[in-house]
Amino acid sequence: MTLAAIGNPHRFDNRAQLIRLAGFDLCASRSGEKSNTAVPVISKKGKADLRLCLYQAALVASSLTRHFRSHYNRLFGGRQREKGIRTKMLVKIAAKMLIIAWTLMKRKEPFNPAYIQV
């Protein structure tokens, strides 16, 4: 799914364009609320199928894969009480997976677990 959505990896100039392609840019409807009470949500202005696949992959990887699980715990550490934090962290992992896939496609190299820590 990722390969089909990205197509030619050289058509993207930066990672922000790729994040918008999947609709992983987070936004929160504040409408007069303080920013700490606003719940961040996925903008959903991208390819829904790609977003769903990557989010599910992040959900599975954050619980079953040791590298992604340690990355998830590091991101999540000490923020368990924040509203919407689990979704936000899974979205960050899904976006990281997309960026890693894009980077590997551009460089034509195999996966290295060190990419997760960067």
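Quantities reported herein were computed from a predicted structural model and do not represent experimental measurements. (Residues numbered from 1 in each chain as written. Predicted model: local features only at pLDDT ≥ 70, side-chain atom pairs only at ≥ 80, totals over all residues. Heavy atoms only, no water.)

J.: Please explain the overall build of the chain as it appears in this structure.
T.: Counting its secondary structure elements, the chain contains 6 helices and 2 strands. Secondary structure of the chain in N-to-C order comes out as α-α-β-β-α-α-α-α. Looking at the chain as a whole, 36% of its 118 residues are labelled buried. Across the chain, every contact between residues at least 6 apart in sequence was considered, and the portion connecting residues at least 24 apart equals 56%. (Helix = DSSP H or I, 4+ residues; strand = E, 2+ residues; numbered from the N terminus. Buried < 20%, exposed > 50% of the residue type's maximum accessible area, 1.4 Å probe, protein only. Contact = heavy atoms within 4.5 Å.)

J.: Help me understand the environment of Ala 58, please; the structure alone is not making it clear to me.
T.: When you line up the elements, Ala 58 lands in helix H3 (residues 48–64). When its relative accessible area of 0% is taken as the criterion, Ala 58 is described as buried. Each C-alpha atom, one on Ala 58 and one on Met 97, is 7.6 Å from the other, the two residues being 39 residues apart in sequence. The residues touching Ala 58, leaving out its near neighbours within four places in the chain, are Leu 90, Ile 93, Ala 94 and Met 97.

J.: I'm lost on helix H2 (residues 15–22) in this one. Help?
T.: Because the α-helix completes a turn every 3.6 residues, residues three or four places apart line up on one side. Of the positions making up H2, those classed as buried are Leu 18, Ile 19, Leu 21 and Ala 22. Projected onto a plane normal to the axis of H2, the buried residues spread over an arc of 155 degrees and lie on a single side. In this fold, the buried residues of H2 make contact with helix H1 (2–6), H3 and helix H5 (85–107). N-cap assignment for H2: the residue whose side-chain oxygen lies 3.2 Å from the backbone N of Ala 16 is Asn 14. Looking one or two residues past H2, Gly 23 carries a phi angle of roughly 75 degrees, positive in sign. (Arc of directions from axis to C-beta. Polar contact = N/O pair within 3.5 Å; in protein donor to acceptor, adjacent residues only side chain to side chain.)

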